[in-house]
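# Architecture at a glance
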Amino acid sequence: MSTQQDRQNQQDRQNQQDRQNQQSVTVIGLGPMGQAMAGAYLDRGYAVTLWNRTASRADALVARGAVLAPSAAAALEAGELVVLSLTDYAAVYAVLEPAAGALKGRTIVNLSSDTPERTRAGAEWFAGHGAVQLTGGVTVSPAGVGQEGSVILYSGPRAVFDRHRAALDVLAGVADHRGEDPGLAALLYQINMGIFWTAMLSYWQAIALAEANGLSATDILPFATDTSDSLAGFFTFYAGRIDAGDHTGDVDRLAMGAASVDHVLHTMADAGVDTTLPATVAALFERGMAAGYGADSFSRVMELIRAS
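Presented here is an overview of the structure given in this document. (Residues numbered from 1 in each chain as written. Predicted model: local features only at pLDDT ≥ 70, side-chain atom pairs only at ≥ 80, totals over all residues. Heavy atoms only, no water.)

### A look at the overall build of the chain
Helix and strand counts for the chain stand at 13 helices and eight strands. Here the C-alpha atoms of the chain give a radius of gyration of 25 Å, more than 25% beyond the 19 Å that 2.2 N^0.38 yields for 308 residues. Overall, the chain is about 90 × 45 × 35 Å in size when its C-alpha atoms are taken along their principal axes. Working note: accessible area of the chain is about 16,600 Å², and carbon and sulfur atoms make up 55% of it. Taking the average place of the 20 positive charges on the side chains of the chain and the average place of its 32 negative ones, the gap between the two points comes to 9 Å. (Helix = DSSP H or I, 4+ residues; strand = E, 2+ residues; numbered from the N terminus. Rg over C-alpha atoms; globule rule 2.2 N^0.38 Å. Areas by Shrake-Rupley, 256 points an atom, 1.4 Å probe, with all protein chains shown as cover. Lys, Arg positive; Asp, Glu negative; His and termini not counted. Charge placed at Lys NZ, Arg CZ, Asp CG, Glu CD.)

### Here's the deal with the nonpolar core
Note that soluble globular proteins tend to have their nonpolar side chains buried in a common cluster. Among the nonpolar cores identified, the biggest contains 32 residues, and Met37, Tyr41, Val48, Leu50, Leu111 and Tyr154 are the most heavily contacted of them. Only β1 (24–28), α2 (32–43), β2 (47–51), β4 (81–84), β6 (132–138), β7 (151–155) and α8 (165–171) provide two or more residues apiece to this core. Per-element tally for this core: the top contributor is α2, with seven residues. For leucine 111, the residues in contact, after removing those within four places along its chain, are Met37, Val83, Leu84, Gly136, Val138, Ile152, Tyr154 and Leu171. (Core = buried A, V, L, I, M, F, W, Y, C linked by side-chain atoms within 4.5 Å. Buried < 20%, exposed > 50% of the residue type's maximum accessible area, 1.4 Å probe, protein only. Contact = heavy atoms within 4.5 Å.)

### Comments concerning the pattern of salt bridges
Counted under the stated rule, the structure contains twelve salt bridges. Its salt-bridge partner being glutamate 117, residue arginine 120 comes within 2.6 Å of it at the nearest N-O pair. Taken together, the residues span about one helical turn, with arginine 120 and glutamate 117 both in helix α6 (residues 116–128) at a distance of three residues. In this structure, aspartate 250 engages arginine 241 in a salt bridge whose closest nitrogen and oxygen atoms are separated by 2.8 Å. The buried category is assigned to arginine 241, whose relative accessible area is 16%. One salt-bridge network, held together by shared partners, links Asp296, Arg300, Glu303 and Arg306. (Salt bridge = Lys/Arg side-chain N within 4 Å of Asp/Glu carboxyl O.)

### Focus on the environment of glycine 245
Looking at where glycine 245 falls in the secondary structure, it is placed in the loop between α10 (217–243) and α11 (254–271). For glycine 245, a relative accessible area of 48% translates into the label partly exposed. The sequence separation of glycine 245 and alanine 212 amounts to 33 residues, and the corresponding C-alpha distance is 41 Å.

### Let's talk about the side chain of threonine 135
Along the polypeptide, threonine 135 turns up in strand β6. By relative accessible area, threonine 135 is classed as buried at 1%. At a separation of 2.8 Å, a polar atom in the side chain of threonine 135 contacts the main-chain carbonyl oxygen of proline 182. With residues up to four places along the chain from it excluded, the contact list for threonine 135 reads Asn110, Thr119, Leu153, Tyr154, Ser155, Pro182, Ala185 and Ala186. (Polar contact = N/O pair within 3.5 Å; in protein donor to acceptor, adjacent residues only side chain to side chain.)

### Looking at a nonpolar patch on the surface
A contiguous nonpolar patch, built from Leu187, Ile191, Ile195, Leu231, Phe234 and Phe235 and spanning about 560 Å² of accessible area, is present on the exposed surface. Those elements giving two or more residues to the nonpolar patch turn out to be α9 (184–212) and α10. With respect to the helices and strands, the residue leucine 187 is situated in helix α9. (Patch = residues over 30% accessible without salt bridge, like charges linked within 9 Å, V, L, I, M, F, W, Y side chains within 5 Å.)

### Comments concerning helix α12 (residues 276–290)
For α12, built from 15 residues, the straight-helix expectation of 21 Å at 1.5 Å per residue is met to within 8% by its first-to-last C-alpha distance of 21 Å. Those residues of α12 lying buried are Pro278, Ala282, Phe285 and Gly288. The arc enclosing the buried residues of α12, seen along the axis, measures out at 110 degrees, which places them on a common side. Across from the buried face of α12, at angles greater than 90 degrees, the exposed residues are Thr276, Thr280, Glu286 and Ala290. Where α12 terminates, the next one or two residues include glycine 292, which has phi positive at roughly 90 degrees. (Expected span 1.5 Å × (residues − 1). Arc of directions from axis to C-beta.)

### Description of the packing of aromatic side chains
The geometry of two aromatic rings is summed up by the distance between their centres and the angle between their planes. Tallied over the entire structure, the rule returns ten aromatic pairs. Taking the centre distance of 5.7 Å and the plane angle of 55 degrees together, the rings of tyrosine 154 and phenylalanine 161 count as tilted. Just as tyrosine 154 is buried, phenylalanine 161 falls in that class too. Taken together, a centroid distance of 6.0 Å and an interplanar angle of 15 degrees make the contact between phenylalanine 285 and phenylalanine 298 stacked. Taken together, the residues span a long stretch of sequence, with phenylalanine 285 in helix α12 and phenylalanine 298 in the loop between α12 and α13 (302–305) at a distance of 13 residues. Owing to a relative accessible area of 10%, phenylalanine 285 belongs among the buried residues under this scheme. A relative accessible area of 34% places phenylalanine 298 in the partly exposed class. Cluster of aromatic residues (ring-pair linked, three or more members): Tyr89, Tyr93, Trp125 and Phe126. Here arginine 300 stacks its cationic end above the ring of tyrosine 293, 5.6 Å away from the centre of that ring. (Phe/Tyr/Trp six-rings, centres within 6.5 Å; stacked < 30°, edge-to-face > 60°. Lys NZ or Arg CZ within 6 Å of the ring centre and 35° of its normal.)

### Points about α10
An ideal rise of 1.5 Å per residue puts 39 Å on 27 residues; α10 measures up with 37 Å between its terminal C-alpha atoms. By the largest-angle criterion, phenylalanine 223 marks the main kink of α10, which is about 30 degrees. For α10, the set of buried residues is Ile220, Tyr238 and Arg241. At its buried positions, α10 is contacted by α9. Looking one or two places after α10, you find glycine 245, whose phi comes out positive at around 70 degrees. (Bend = angle between axes of the 7 residues up to and from the residue.)

Shown next as structure tokens:
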């Protein structure tokens, strides 16, 4: 019995040593994004430790070989590299403040979404507990995690990014370090989300108008995708002009745009669909006209949008 126990103890020590020698990562937060990231690490042979408020979300990953820690503190203590995938910084503090004593010496890859200012404050909070934060902005859906062509934006200490580059490359085809400011990745992420959500709302608006006139989302899909594809050219054309302060009305005029968005607004109203979004757009053009910008490019509305 003693010999059998000795062999078991030896095997347990060997398993522990093997796990320590293996690349390892802790993932805290197992929503769809966190689960996708933990799965990507398992696919690449990493030793993965997990923690989530709802422990059952880890079941499928545990079945694949991940280890579910009994507490957030235990998850932090499992290794140096910790990936956070939580809703926002309020959730970060709610989870980690009780476990703050286990933060010392950890690298926190914080992929939680929030404002740049809250992100900078979070980096200071981690530093106060002996940890370093590397901010990440995930620009893909969970299905895109680890896939070629996917991008995650990072900011924070470049040396930390470089040290963990192999692990970061697991999560995206491109791990793009943008600068030392911990809030920069959050800013770029929110810029991306601002474009995305507004564009998607305009798509829902178009579908609502189509349905009110007997058409389906599938019917208008070719027109929607053609318009979406054309936007890249418009973005490129106007970027240089806006940076140069050039709002010359040589290719478009605000007055022409104001008439167009007014037609859109009334078409929506006539169909009985909600006009909140097109009314907001029309109101911005009307302000531009009232400011005397009618003969300028409609890019002149930037003067109304910019921070004062």
